[in-house]
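Listed here are the chains, written in short residue letters.
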Amino acid sequence: MAVVLFIVAGFLVGGVIQLIKSGATKFSIGLVGVLAALAVAGGIAWLLPGDN
């Protein structure tokens, strides 16, 4: 599952780059950037050892 989250984060980072190049609004760039950061954080959290 962590690999899937990292792949999604990669797509979202690419989306941020394309939004910046196309001159999108700062809100949309920030929203996609936050989603990318959450996907990375989720992937890292999935890899951390836990109680399971």
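By convention here, each chain's residues receive numbers from 1 onward along its written sequence. Per-residue local features are limited, in this predicted model, to residues with pLDDT of at least 70; the limit for side-chain atom pairs, both in listing and counting, is 80 or more; totals at the level of whole chains, interfaces and linings are taken over all residues. Side-chain calculation: all heavy atoms of the structure are included, whereas hydrogens and water are not.

### Considering the packing of helix H1 (residues 2-22) against helix H2 (residues 26-47)
Every angle, taken between N-to-C directions, lies between 0 and 180 degrees, and every axis is a line fitted to C-alpha atoms, over only the stretch in contact when it is a helix. A helix here means a DSSP run of H or I that spans at least four residues, while a strand means a run of E at least two residues long, and both kinds are numbered starting from the N terminus. Contact pair H1 / H2: the axes reach a minimum separation of 8 Å and the direction vectors enclose 160°. Taken together, the axes of H1 and H2 lie roughly antiparallel to each other. The interaxial crossing formed by H1 with H2 has left-handed handedness. Here the nonpolar group is Ala, Val, Leu, Ile, Met, Phe, Trp, Tyr, Cys and Pro; Asp, Glu, Lys and Arg are the charged ones; every other residue, Gly included, is treated as polar. Of the residues that constitute the contact of H1 with H2, the class distribution is 19 nonpolar, four polar and no charged. Roughly parallel refers to an angle under 35 degrees, roughly antiparallel to one over 145, roughly perpendicular to one between 65 and 115, and oblique to any angle outside these ranges. Note on convention: near helix rotated counterclockwise from far helix by under a right angle means a left-handed crossing. Clockwise means right-handed.

### Some remarks on a nonpolar patch on the surface
A cluster of nonpolar side chains, contributed by Phe6, Val40, Ile44, Leu47 and Leu48, occupies part of the molecular surface with about 450 Å² of accessible area. Looking at the element boundaries, phenylalanine 6 is found in helix H1. Patch construction takes residues with relative accessible area above 30% that form no salt bridge. Like charges are linked within 9 Å, and nonpolar side chains (Val, Leu, Ile, Met, Phe, Trp, Tyr) are linked within 5 Å. Per-residue accessibility takes into account occlusion by the displayed protein chains alone, with areas from the Shrake-Rupley method and a 1.4 Å probe. By definition, a salt bridge exists where a carboxyl oxygen of Asp or Glu is found within 4 Å of a side-chain nitrogen of Lys or Arg.

### A closer look at the UniProt feature "transmembrane region" (unreviewed entry) in the protein
Following the UniProt record, one finds the feature "transmembrane region" (unreviewed entry) at residues 28-48. Split by type, residues 28-48 is 95% helix and 0% strand. Its first and last C-alpha atoms lie 30 Å apart. UniProt positions are given in the numbering used here, feature names are shortened, and annotations may be inferred rather than shown by experiment.

### Thoughts on the environment of glycine 30
Along the chain, glycine 30 falls in helix H2. A 1.4 Å probe rolled over the protein chains alone gives each residue an accessible area, and that area as a share of the maximum for its type sets the label: buried under 20%, exposed over 50%, partly exposed in between. For glycine 30, a relative accessible area of 33% translates into the label partly exposed. Separated by eleven residues in the primary sequence, glycine 30 and leucine 19 place their C-alpha atoms 10.0 Å from one another.

### Focus on H2
Expected helix span is taken as 1.5 Å per residue step, with the number of steps being one fewer than the number of residues. Taking 1.5 Å of rise per residue, 22 residues should cover 32 Å, and H2 covers 32 Å from first to last C-alpha, within 8% of that figure. When H2 is considered as a whole, its buried residues turn out to be Ile29, Val32, Ala36, Ala39 and Gly43. When H2 is viewed along its axis, its buried side chains cluster within an angular range of 90° and face the same direction. Among the exposed residues of H2, those pointing more than 90 degrees away from its buried face are Lys26, Phe27 and Leu38. In this context, the arc is that of the directions from the helix axis out to the C-beta atoms.

### Observations concerning the environment of isoleucine 29
Mapped onto the elements of the fold, isoleucine 29 is located in helix H2. For the pair isoleucine 29 and isoleucine 44, spaced 15 residues apart in sequence, the C-alpha separation works out to 23 Å.

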